[in-house]
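Here is how the chains run, residue by residue.
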Amino acid sequence: GFWGGVLRAMSPPQSMLDMFKGASSLLVLFLLTVNMFRGAGSALWWNRYMVYPMTYVVAMQLGRGEHLLPSLAVGTLLRYIVNLLFTILSKLDWFAEPRRINRANPPADQHERELDWDGPVILSPVAFVLVDAVTPLLREETVVPLSWWGILVMFLGHYLITEPIYYAFHRILHLPNVYKASHSHHHASTVTEAISGTSHPMAETFGYLANFSFPFLLPAWLGVFSYGLVPIYFVFFDVLNCVGHCNFEAIPPWMQLGPMKYFVYTSSYHSLHHTKYKFNYCLFCPIWDYLGGTVHPTTDELHGQVLAQKPRRLDAVFLAHAHGLHSMLHLPWFSPYLATHQHEVRWWMKPLQPFNFIWALFCRYFIDTTCIQRYQFRGTECATWCLPVTAHFYFMRSQREAIFEMILKAVRDADDAGVRYLGLAHLNKAEWINHGGCDIVSRLEEHRKIRVVHGNTLTAATVWQALRQYTEPQDEVVFAGSTSKIGRALCILLARRGNIVHMITGCQERFEKIRADAGEEAGKKLVRMKTYEEGKGRRHWVIGKQMSDESIKELIPPGSLIVDFAVPHVPQEVATAYRYVNGAALNYSRRDTDLTFCHDVPNTMPACLAATIIHAREDRGEHEVGEIEVEDVEGWWDRAVKNGFSLSCIEPNQAGRCIAPSAGGSGSDSGKAEAGVRAKLA
């Protein structure tokens, strides 16, 4: 009717609406792209993956590029697979160690910085859609079936156009001002990872995307572009890019014979560029460095040395195990970034739990003990091995004998490899598995030279040091987990010091045994509590057995002292309300080690791992298994300090924030931090 005609007359033309929608989508896509390069610390960091659906929306609204999306999706998926495979290979010790180029681990902050590695992967489909929108080269009607001629032209575009342009562009990026403004981001990684090759700032990434378009534009210009070229080139490019950054030599000697050395670079070739900077600039084709006189003189020698080297001999191995199902995703093979962080369930892990369960079952029955990470501590060669068994298996009676045999096999394998000391993590030394390592030692053959370490004495020494510093002899202490090996030693030490110790235990027999071991006078200081609730309101607690967050908040007043050696530990969000010392974790200086794998608490080392390292460094030739010798506890703390370890403390300040000694500081810095906390606690 009349009003319908009026509304139609007042409405903007459909073409204007379409333009507005297209412009709006392009603006959103641009803002998402800019956000990609704000760094992993940005609260909007993970919005970067919204670029994928927005690319689809833009293609639909512009009516351009949508025909390219299926091949781009396949190529993009293959790129992620290629980078994951090279990451896995670089972390598999049996594969990568003999051919590793730089035998130090990248620092943990590098893994966070390089979370931007898939920026070019995300933006490549955007580039294709935009090219199709502004030029006729990639239009659907120009696409032809895949042919050998098209593949040949694609590689001609790469080697005759992309390679020389990249070499010139790369030389420009190393000019002082340009390097400082942009390329230094990439070169901050001197020990590279497989994914390091695509970690660049925004402007640099745009430049690379423009240059890497020629292998597609040349076939399109000659009328031989096909959809199949997209995944072929994506895989070719990412394989060679990972070869240059994976930090293990992936190129065999025969591929450097004759003229091949001018057209195929090696892993060590590009590794030299990250350590020498002014040499080996090429993308994948060294001929441009030879023509430009920028080949490092040790290039061929390094390639031969790496391929001829032998694996490093280990002094100490720490035998760990998986925690929950989510810990399977914290392995460095899957995510070097997550491997440096505390094992916790993140929101995106929850849908993956069924797959983690299947993976945990597969690992339990088909995967052998595996090296998680090699590292050195003050020159002592160490490694963490992991028994591929999640914690719940340890509590199943039907699994205990099998797990014991797995541990025993790992000890024998370590001895065969020349390892001198092997430390046992948490459940690998459980009483019901091997009686604190005693059963392992009794089963070792006479010719075995390896020594087994449970490390409990240093854990006890750490807790005892915290109690000596932050309590007085007249303080009454509530002790949860008091009848364990560590608890027994600590209760005896506290009682002999003069403290009244309220031991929470349901076992009268074990309580009486510990009381007798303490001696007649000290035994009078040990008082049995049957329930946790009996300790409510007391202000000095030792937690050696897991307590729920609710119980801690209900029973222990805020600001009270908690010395914790339970596994799992008191969560930091709970601990910050108390004067808290983690007695099972020690601070260390990052200058002493290239350890980055997070065993438990970030920026600390489990006390039992520290004990294993100390055994190896001092090499006294002793096993440390079974019950703790009370007389040895104080001496162990002196040994820990001598080797650079210190307490890990948290204290709430007036603003409720955490103050903790830095793991990156020197030993003296850590000592000053401890002194500061001690003064505040007093």
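Residues numbered from 1 in each chain as written. Predicted model: local features only at pLDDT ≥ 70, side-chain atom pairs only at ≥ 80, totals over all residues. Heavy atoms only, no water.

Q: Lay out a nonpolar patch on the surface in plain terms, naming residues and giving numbers.
A: Judged by side-chain polarity, Trp149, Leu152, Leu156, Leu160, Trp221 and Leu222 come together as a nonpolar surface patch covering roughly 680 Å² of accessible area. It is helix H8 (residues 148–173) that contributes the most residues to the nonpolar patch, four residues altogether. Mapped onto the fold, leucine 222 is located in the loop between helix H11 (214–221) and helix H12 (229–245). (Patch = residues over 30% accessible without salt bridge, like charges linked within 9 Å, V, L, I, M, F, W, Y side chains within 5 Å. Areas by Shrake-Rupley, 256 points an atom, 1.4 Å probe, with all protein chains shown as cover. Salt bridge = Lys/Arg side-chain N within 4 Å of Asp/Glu carboxyl O. Helix = DSSP H or I, 4+ residues; strand = E, 2+ residues; numbered from the N terminus.)

Q: Now, about the pairing of strand S3 (residues 380–387): what can you tell me, with residues and values included?
A: Among the eight residues that make up S3, eight are buried, leaving the element largely enclosed by the rest of the structure. Of the two faces of S3, the one holding Thr380, Cys382, Thr384 and Cys386 and the one holding Glu381, Ala383, Trp385 and Leu387 are both buried throughout. As paired strands, strand S1 (residues 316–321) and S3 are joined by six bridges and run parallel to one another. Across the sheet, the residue bridging to alanine 316 is cysteine 382, located in S3. The pairing of strand S2 (residues 370–377) with S3 spans seven bridges and is classified as antiparallel. Paired with arginine 374 across the bridge in S3 is alanine 383. (Buried < 20%, exposed > 50% of the residue type's maximum accessible area, 1.4 Å probe, protein only. Pairing = 2+ DSSP bridges.)

Q: Account for the packing of aromatic side chains, with residues named and values stated.
A: For the structure shown, the criterion picks out 32 aromatic pairs. Here the aromatic rings of tryptophan 46 and tyrosine 49 are separated by 6.1 Å at their centres, their planes lie at 15°, and the arrangement is stacked. On the basis of relative accessibility, which here comes to 52%, the residue tryptophan 46 falls in the exposed class. For tyrosine 49, a relative accessible area of 30% gives the class partly exposed. On the numbers, 6.2 Å between centres and 90° between planes, the contact of phenylalanine 236 with phenylalanine 284 is edge-to-face. Highlighted residues: phenylalanine 236 in helix H12 and phenylalanine 284 in the loop between helix H13 (267–276) and helix H14 (287–292), separated in sequence by 48 residues. Phenylalanine 284 carries the same exposure label as phenylalanine 236, and that label is buried. The lysine or arginine in question, arginine 99, covers the ring of phenylalanine 95, its NZ or CZ lying 4.7 Å from the ring centre. Above the plane of the ring of tyrosine 365 lies arginine 364, whose end atom (NZ or CZ) is 4.6 Å from the centre. (Phe/Tyr/Trp six-rings, centres within 6.5 Å; stacked < 30°, edge-to-face > 60°. Lys NZ or Arg CZ within 6 Å of the ring centre and 35° of its normal.)

Q: Just give me the short version of the packing of H8 against H12, but keep the residues and values in it.
A: Between H8 and H12, whose axes approach to 11 Å, the crossing angle comes to 40°. Here H8 is positioned oblique relative to H12, judged by the angle of their axes. The handedness of the crossing between H8 and H12 is right-handed. Facing H8, whose interface residues are Gly150, Ile151, Met154, Phe155, His158, Tyr159 and Thr162, H12 presents Leu229, Ile232, Tyr233 and Phe236. Considering only residue class, the contact of H8 with H12 consists of eight nonpolar, three polar and no charged. (Axes fitted to C-alpha atoms, helices over the stretch in contact; angles between N-to-C directions. Parallel < 35°, antiparallel > 145°, perpendicular 65-115°, else oblique. Left-handed = near helix turned anticlockwise from the far one by under 90°. Contact = heavy atoms within 4.5 Å. Nonpolar A, V, L, I, M, F, W, Y, C, P; charged D, E, K, R; others polar.)

Q: Break down the sheet that holds S1 for me, citing the residues and quoting the values.
A: The sheet built from five strands is open, its strands ordered S2-S3-S1-S4-S5 with mixed pairing. Sheet topology places S2 and strand S5 (451–453) at the edges, where each strand pairs with a single neighbour. Along the sheet, successive strands turn relative to each other by an average axial angle of 25°, direction set aside. Strand direction decides the pairing type here: S1 and strand S4 (residues 421–424), joined by four bridges, are parallel. Bridge pairing links alanine 316 to tyrosine 421 in S4.

Q: Account for the environment of isoleucine 650, with residues named and values stated.
A: Tracing the sequence through the fold places isoleucine 650 in strand S13 (residues 646–652). Assessed through its relative accessible area of 12%, isoleucine 650 is described here as buried. As for isoleucine 650 and tyrosine 578, which are separated by 72 residues in sequence, their C-alpha atoms are 8.0 Å apart.

Q: I'd love a proper account of unusual backbone geometry, names of residues and values included.
A: Cis geometry marks the peptide bond from valine 567 to proline 568, where omega comes out at 0°. Within the secondary structure, proline 568 is located in the loop between strand S10 (561–564) and helix H27 (572–575). You will see that aspartate 619, though not glycine, has its phi angle at about 50°, which is positive. Mapping aspartate 619 onto the fold places it in the loop between helix H28 (607–618) and helix H29 (633–642).

Functional significance is not addressed by these values, which are geometric in nature.
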